[in-house]
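Overview (structure and organization)
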Amino acid sequence: MQVYKGHLNCDTVKGVTFFGPNDEFVASGSDCGHCFIWDKHNADVLQAFKADKDILNCIQPHPHESMTLATSGLDHNCKIWQPTASHSTVPEDLDEIVEKNMRSLEAGGGWQQQANRILYALLNDVDVMIEDDEGGRVSMFDYYSNNARFAQGSGPESSDGDTDGDVNNGPEAMMMEGAD
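Here's a quick rundown of the structure. Owing to the predicted nature of the structure, the values given are computational and were not obtained by experimental measurement.

Looking now at the packing of aromatic side chains. Aromatic ring pairs are described here by two measures, namely the spacing of the ring centres and the angle between the planes. Inspection of every chain in the model, using the stated rule, returns 4 aromatic pairs. Here the aromatic rings of Phe-19 and Phe-25 are separated by 5.6 Å at their centres, their planes lie at 45 degrees, and the arrangement is tilted. Aromatic side chains Phe-36 and Trp-38 sit 5.9 Å apart centroid to centroid with 20 degrees between the ring planes, which places their arrangement in the stacked category. One exposure class covers both Phe-36 and Trp-38, and it is buried. Among the aromatic residues, those joined into a cluster by ring pairs are Tyr-4, Phe-36 and Trp-38.

Shown next as structure tokens:
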């Protein structure tokens, strides 16, 4: 039995899938918003790219284009990913991302982190006006998105412009091809 580590799965159910021309890769979402890709045979993390601002839940390979993935999470969109980059896009801080996830996993994900993510998801669908720090009116979602420690930036949103359909690169070249 192979064990794939590095992602964080405490807050919601995550999809996991095999993909690649010969199903040689395993992909899963993570509470940190990254899509993790492992070598199926040795469980090495090959790639982790930011695919959702908060939690990435769903991963689905394209039925005919073996190196294309669709992802979705708490963001209000789906993203399509293909290895179109001319160079490796593996994050320089991949080891730090994995270590942070492992620490959170060992701590049970932390009740505070779980509560923050639930609040974020709830506020994302409710537009309640509250008073901000300067005494003005702002939506509760905007206030907490901009001020809470769990608000995160978006992931990579550009490629090298290579859109010729060449999908011969491995998962280390995964870049977003289009969104929404």
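All right, on to the pairing of strand β1 (residues 16-19) then. Here β1 shows a buried face lined by Thr-17 and Phe-19 and an unburied face lined by Val-16 and Phe-18. Alignment of β1 against strand β2 (residues 25-28), held across 4 bridges, turns out to be antiparallel. The residue bridging Val-16 from the neighbouring strand is Ser-28, located in β2. Counted along the chain from β1 to the antiparallel partner β2, the turn is 5 residues long, and its residue Gly-20 has a positive phi close to 115 degrees.

The next point concerns the sheet that holds β1. Pairing is antiparallel across the open sheet formed by 4 strands, whose spatial order is β1-β2-β3-β4. Strand pairing shows two members of the sheet lacking a second neighbour, β1 and β4 (45-50), which therefore form its edges. Between one strand axis and the next, the sheet turns through 20 degrees on average, direction left out of account. Against the sheet, helix α1 (residues 94-106) makes contact with β3 (34-39) and β4, and its axis sits at roughly 100 degrees relative to β3, the strand it touches most.

Applying the stated criterion to the full structure yields 2 salt bridges. Between Lys-14 and Asp-31 there is a salt bridge; the shortest N-O distance is 2.5 Å. Of this pair, Lys-14 sits in the segment before β1 while Asp-31 sits in the loop between β2 and β3, placing them 17 residues apart in sequence. For Lys-14, a relative accessible area of 10% corresponds to the buried category. Note on Asp-31: relative accessible area 0%, which makes it buried. Among the salt bridges present, the one from Asp-75 reaches Lys-79, with a minimum N-O distance of 3.0 Å. Exposure remark for Asp-75: the relative accessible area of 14% places this residue in the buried category.

Definitions and cut-offs
Residues numbered from 1 in each chain as written. Predicted model: local features only at pLDDT ≥ 70, side-chain atom pairs only at ≥ 80, totals over all residues. Heavy atoms only, no water. Phe/Tyr/Trp six-rings, centres within 6.5 Å; stacked < 30°, edge-to-face > 60°. Buried < 20%, exposed > 50% of the residue type's maximum accessible area, 1.4 Å probe, protein only. Helix = DSSP H or I, 4+ residues; strand = E, 2+ residues; numbered from the N terminus. Pairing = 2+ DSSP bridges. Axes fitted to C-alpha atoms, helices over the stretch in contact; angles between N-to-C directions. Contact = heavy atoms within 4.5 Å. Salt bridge = Lys/Arg side-chain N within 4 Å of Asp/Glu carboxyl O.

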